Amino acid sequence: MATVKEMRTRIGSVKSTQKITKALQMVAAAKLRRAQLAADAARPYAQQMSAIISNLAAGVSGRDAPLLLAGTGGDRRQLVIVATADRGLAGAFNSAIVRAARQKITALIAEGKDVKIITVGRKGRDQLRRQFGDRFLESHELGLKSPTLASVKPIAQQVLDLYMAGQFDVVTLIHCHFKSVVTQTPVAKQLIPAQVETGNGPTALYDYEPDEESILEALLPQNVSVQILSALLENQAGFFASQMAAMDNATRNAGDMINALTIQMNRTRQAKITTELIEIIAGAAAV
């Protein structure tokens, strides 16, 4: 059994850990608000971009359609972009995204597809490289800064260059969709060819100047950057929400452990005092 001194040392260690987890929880809570506002602000822009592309796509077909919209006509060569965080201490946030990516990649390989991987975030790179190291093309890290359109541009440009060079038929992005502070869901979104949303209701008719093909040629590359930026902003909000919840649980568990250790230490100390008193009384009686 541990001595009173050893228990006191352990309690001090747990208290130090509790201070760290509490501080991380407060920092995550402060950053979550800004990240959530950024993710909410990016959603309408990305959704409207998709709606405009769908409207424009209704006016083009066949050979007139840009390559980013029409595709190559096949789906054998697949590029999967996996977006995670660079840091941990966020519960199952990164693991959930990696699990969804692993399932997607494994299913594509089972179908006989040629799959390559680009990761955005150190945690996704470290976990996927163990199993799919030979399929990696590139790994990007965003660091501690919030994602911006300027920081996303090199990633989007690399994807566009590879696609226009004929190396891939389909590009899929896997990331976290931020629903609420307690719910973050991994999702897979097809970036290339651009997905066209079809609605059942009537749609507005527009006269475009210049023609639809020219606008799509300029808009589709920009759409790749916008969709990646929106996904990374969703990831950031989900990461801070998961980290806040994880650190809150860790702080509570540390408090429970401190209480349990304190009770055990008091019992050990009381047992030691009782033993010493019995020895003193026994010695006095013997005299």
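Quick caveat, the model's predicted, so the values are computed rather than measured. (Residues numbered from 1 in each chain as written. Predicted model: local features only at pLDDT ≥ 70, side-chain atom pairs only at ≥ 80, totals over all residues. Heavy atoms only, no water.)

**Section: the overall build of the protein**
The following threshold applies: A run of H or I in DSSP becomes a helix once it reaches four residues, and a run of E becomes a strand once it reaches two; helices and strands are each numbered from the N terminus. Every radius of gyration here is taken over C-alpha atoms, with the globule rule written as 2.2 Å times N^0.38, N being the number of residues. The classification of residues rests on relative accessible area computed with a 1.4 Å probe and restricted to protein chains. Under 20% of the type maximum is buried, over 50% is exposed, and intermediate values are partly exposed. Reported accessibility uses the Shrake-Rupley method at a 1.4 Å probe radius. Residues are deemed covered only where the shown protein chains occlude them. His is not counted, nor are the chain ends; Lys and Arg add positive charge and Asp and Glu add negative charge. Charge coordinates come from a single atom per side chain, which is NZ of Lys, CZ of Arg, CG of Asp or CD of Glu.
Of the regular secondary structure elements, the protein holds 6 helices and 5 strands. Helices (α) and strands (β) of the protein occur, in sequence order from the N terminus, as α-α-β-α-β-α-β-α-β-β-α. Over its C-alpha trace the protein gives a radius of gyration of 28 Å, far above what one expects of a compact globule, namely 19 Å for 287 residues. Per-residue burial for the protein yields a buried fraction of 39% across its 287 residues. Accessible area for the protein stands at about 15,900 Å²; split by element, carbon and sulfur atoms hold 54% of it. The averaged location of the 25 negative side-chain charges in the protein is 15 Å from the averaged location of its 33 positive side-chain charges.

**Re the nonpolar core**
Just so we agree on the cut-off: Residues belong to a common nonpolar core when they are buried Ala, Val, Leu, Ile, Met, Phe, Trp, Tyr or Cys residues joined through side-chain atoms within 4.5 Å. Whether two residues are in contact is decided by their heavy atoms: any pair within 4.5 Å suffices.
One finds Ile81, Val171, Ile192 and Ile228 to be the most contacted residues of the largest nonpolar core, which totals 65 residues. Looking at this core element by element, the count peaks at 15 residues for helix H6 (residues 212-286). Look past the residues within four positions of Ile81 in its chain and what remains in contact with it is Ile118, Val120, Val159, Val171, Thr172, Leu173, Ile174 and Leu191. Core analysis: the second largest hydrophobic core is formed by 8 residues, Val4, Met7, Val14 and Ala254 among them.

**A short note on the pattern of salt bridges**
What counts here: Definition used for salt bridges: Asp or Glu carboxyl oxygen within 4 Å of a side-chain nitrogen of Lys or Arg.
Under the criterion given, the structure shown has 8 salt bridges. Measuring nitrogen to oxygen at the nearest pair gives 3.0 Å for the salt bridge that ties Asp126 to Arg125. The exposure class assigned to Asp126 is partly exposed, which follows from its relative accessible area of 33%. With a closest N to O distance of 3.1 Å, Asp248 and Arg252 form a salt bridge. Of this pair, Asp248 and Arg252 both sit in helix H6, 4 residues apart, roughly one helical turn. Owing to a relative accessible area of 56%, Arg252 belongs among the exposed residues under this scheme. Connected through salt bridges with shared partners, the residues Arg122, Arg125, Asp126 and Glu141 form a single ionic network.

**Side note on unusual backbone geometry**
Geometrically, the link from Ile192 to Pro193 is a cis peptide bond, its omega value of -10 degrees lying close to zero. Looking at the element boundaries, Pro193 is found in the loop between strand S5 (184-192) and H6. The phi dihedral of Leu89 falls on the positive side, at around 60 degrees, and the residue is not glycine. Tracing the backbone shows Leu89 in the loop between strand S1 (77-83) and helix H3 (93-110). On the accessibility criterion, Leu89 (57% relative accessible area) is exposed.

**With respect to H6**
Spelled out, the test is: To estimate the expected span of a helix, count its residues, drop one, and scale the result by 1.5 Å. Axes are fitted to the seven residues ending at a residue and to the seven starting at it; the angle between these axes is taken as the bend at that residue.
Compared with an ideal rise of 1.5 Å per residue, which puts 75 residues at 111 Å, H6 spans 108 Å between its outermost C-alpha atoms and is within 8% of the ideal. Helix geometry: H6 is bent most strongly at Leu219, by close to 30 degrees, with proline Pro221 lying one to four residues after it.

**Points about the sheet that holds S1**
Note the threshold: In this description, strands pair whenever DSSP reports at least two bridges between them. Axes here mean lines fitted to C-alpha atoms, for a helix over just the part in contact, with angles spanning 0 to 180 degrees between N-to-C directions.
As summarised here, the arrangement of the 5 strands in space is S3-S2-S1-S4-S5, forming an open sheet in which the pairing is mixed. Since the sheet does not close on itself, it has two edges, and those belong to strand S3 (136-140) and S5, each with one partner. Neighbouring strand axes in the sheet, compared pairwise and without regard to direction, differ in orientation by 20 degrees on average. Pairing analysis gives 4 bridges linking strand S2 (residues 114-120) to S3, with the strands arranged parallel. Bridge pairing in S3 links Ile118 to Glu138. Packing against the sheet, H6 makes contact with S1, S2, strand S4 (170-178) and S5, and its axis sits at approximately 35 degrees to S4.

**Some points on the side chain of Gln236**
Here Gln236 is to be found in helix H6. Those residues in contact with Gln236 that lie beyond four places of it in its chain are Ala35, Lys145, Ser146 and Pro147.

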